[in-house]
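# Examination of the molecular architecture
Read off the chains here:
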Amino acid sequence: MNTFSRLVVLGSGWGGFELVRKMTEARMLDVTMVSPRNYFVFTPLLASTCVGTLEFRSVTEPIRKTLQRNQYIQASCESVDLSTKLLNCRPAFEETADATSLFTIPYDKLVISVGSVSNTFNIPGVHEHALFLKNIGDARRIRHRVLDCFERAMFPGLSSKEKESLLHFCIVGGGPTGIEFSAELHDLINEDLSRLFPQLMECVRITVYDVAKRILGGFDASLAEYAARKFSRQKIEVVTGMAVNSVTEDGLVLGNGEFVGARLIVWATGLAPSQLIANMEGVLKDAKSGRLLTDDHLRVLDQFGKPINDVYALGDCATIKDNDLPCTAQVAKQKAKYLRSLLSKPSPSNTLPFRYKYAGSMAYIGGWKAIVDLPLKETKVMIRPRGWIAWLFWRSAYFSMAVSWRNKVLIPMYWFLTWIFGRDTSKF
Ligand SMILES: Cc1cc2nc3c(=O)[nH]c(=O)nc-3n(C[C@H](O)[C@H](O)[C@H](O)COP(=O)(O)OP(=O)(O)OC[C@H]3O[C@@H](n4cnc5c(N)ncnc54)[C@H](O)[C@@H]3O)c2cc1C
């Protein structure tokens, strides 16, 4: 069994977390994880926490519990010195954000799995006024804003135009994240807020904007059409082929010049490389996405296209040269499992290259309905359930994928509580 002098893993997301999760079993005792976030987020259920279907802590896993005897340092890596094998890091505490707090961490082997950031495409106002949906902090802000809009709309003396603007919820991006959030928001409004604020219901609107010709581009067209039909029945408006030109505090300006009033704008479109990846030198990056390029053993390629031994990258921050895979948890997790096995071998270069196995896609579309795109085992045949059967499948799949027993108890418990008592609408 191989042991390393020091394996440093950057990031506690799908890639980093899955990699270190079972490393204790592999007796790789000298693992250090560096991440500003001391927990893992189960992102497929993040949209449910934005509206209170689930509580925030039911979709997180504390890193220290997972790492056990391995090390964790709460810091952000700011640059990698590939020649000296040193990482320049900054503690991830608010009070130590000054330059003097920088420190270095040496590594023998490095795994970069720092994810990505939301892409604003340099559209004016997005950064300042839109809300993103990438982590727990974002979900908390969205939940607060939705409830805030309803409470504000109850203020005496507001005109119906002001109420309509406050209660117009805009989602930019018709991919799975934008669609699932819209669906969850619809459930919150339809099942809970309609009872608490009946007088406001005629002013409420949910609109999804996408520059593409159709929503859910990664799904089969028949499933996407089904979702669009369900949305139209649920009075969620879908506007496709429409760009957003700018975002202000009170709304957004569309590609056709029209101004649309809204207090909540959720920006769920596009990914961009994080600062660390954008600033990294001496390595090859994908020209279009800016992601690190690796070989099929997940080794980062240097500027001449040669793999750098002992530096690996996976997850949203990297892609395999000539084999671009989507930025999903599924890909990150499979790569992490592959790398864990590769790193435990005495001669990693003899290992077979990474091969991705598509395990299907799912999306919740509201009103206890979902769509599922599923390959039948060992065949090229796809099955495509939709509606409540797909919803049952969606829930069971995510329940079974929850990592800890604690969350395997909490998740169904919150689903049950929401069903019986409704969602908690306290704003804090
Ligand atoms: C709302 C939502 C729903 C999703 N649903 C699905 C789904 O249903 N199915 C699916 O397959 N995929 C889904 N995804 C996509 C999936 O979550 C990502 O593809 C996956 O998280 C990528 O894993 P990662 O490890 O690369 O990055 P992340 O999971 O984003 O983790 C990145 C980690 O790196 C840390 N980090 C950042 N910068 C630094 C730094 N400089 N130094 C050290 N650490 C750093 C972060 O704190 C974080 O811990 C969803 C994503 C979102 C946002």
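These numbers were taken from a predicted model, which means no experiment stands behind them.

So, about the overall build of the protein. Helix and strand counts for the protein come out as 12 helices and 27 strands. The C-alpha radius of gyration computed for the protein amounts to 22 Å, which stays within 12% of the reference 22 Å derived for 428 residues, consistent with globular compactness. Dimensions of the protein, computed from C-alpha atoms along their principal axes, come out at roughly 70 × 55 × 40 Å. The buried share of the protein, taken over its 428 residues, is 51%. Taking contacts inside the protein between residues at least 6 apart in sequence as the whole, the part at least 24 apart equals 64%. By element, 54% of the accessible surface of the protein is carried by carbon and sulfur atoms, the whole surface being about 20,400 Å².

Let us look at the environment of L10. Here L10 lies in strand β1 (residues 7-10). A relative accessible area of 1% places L10 in the buried class. Considered as a pair, L10 and N119 are 109 residues apart in the sequence and their alpha carbons are 21 Å apart. With residues near it in sequence (within four places) discarded, L10 still touches V34, C77, L87, L110, V111, I112, S113, V114 and L276.

For N119, the location among the structural elements is in the loop between β10 (116-118) and α4 (126-129). One polar contact links the side chain of N119 to the main-chain carbonyl oxygen of L271, over a distance of 3.5 Å.

Bringing helix α12 (residues 405-421) into the picture now. Taking 1.5 Å per residue, 17 residues should reach 24 Å; α12 reaches 24 Å between its end C-alpha atoms and fits that length. Of all the positions in α12, only N407, K408, L410, I411, W415 and T418 are classed as buried. Where the residues of α12 are buried, they touch β4 (60-62) and α11 (388-401). Just downstream of α12, G422 is the residue with a positive phi angle, here 85°.

Below, the discussion takes up unusual backbone geometry. In this model, N122 sits at a positive phi of 60°, which is unusual for a non-glycine residue. Assignment of secondary structure puts N122 in the loop between β10 and α4. By relative accessible area, which is 73% here, N122 ends up exposed.

Let us now look at helix α10 (residues 329-343). Three or four residues apart is the spacing at which side chains of an α-helix point the same way, because the helix has 3.6 residues per turn. With 15 residues, α10 extends 21 Å from end C-alpha to end C-alpha; this agrees with the ideal 21 Å at 1.5 Å per step. Listed in full, the buried residues belonging to α10 are V331, A332, K335, A336, Y338, L339, R340, L342 and L343. Contact partners of the buried residues in α10: β1, α1 (14-21), β9 (109-112), β22 (307-313) and β23 (318-320).

Roughly 390 Å³ of volume is contained in the second largest pocket. As for the second largest pocket, its lining consists of 18 residues, of which E55, F56, R57, I136 and R140 are closest to the centre. Those elements that place two or more of their residues in the lining of the second largest pocket are β4, α5 (136-153) and α12. The biggest single contributor to the lining of the second largest pocket is α5, with 5 residues. Residue composition of the lining of the second largest pocket, by class: 8 nonpolar, 4 polar and 6 charged.

What counts, and where the lines are drawn
- Residues numbered from 1 in each chain as written.
- Predicted model: local features only at pLDDT ≥ 70, side-chain atom pairs only at ≥ 80, totals over all residues.
- Heavy atoms only, no water.
- Helix = DSSP H or I, 4+ residues; strand = E, 2+ residues; numbered from the N terminus.
- Rg over C-alpha atoms; globule rule 2.2 N^0.38 Å.
- Buried < 20%, exposed > 50% of the residue type's maximum accessible area, 1.4 Å probe, protein only.
- Contact = heavy atoms within 4.5 Å.
- Areas by Shrake-Rupley, 256 points an atom, 1.4 Å probe, with all protein chains shown as cover.
- Polar contact = N/O pair within 3.5 Å; in protein donor to acceptor, adjacent residues only side chain to side chain.
- Expected span 1.5 Å × (residues − 1).
- 1 Å grid on protein atoms, 1.4 Å probe; cavity = no way out; pocket = protein on both sides within 12 Å on 5 of 7 lines; lining within 4 Å.
- Points joined across faces, edges and corners; volume = space filled by probe spheres on them.
- Nonpolar A, V, L, I, M, F, W, Y, C, P; charged D, E, K, R; others polar.

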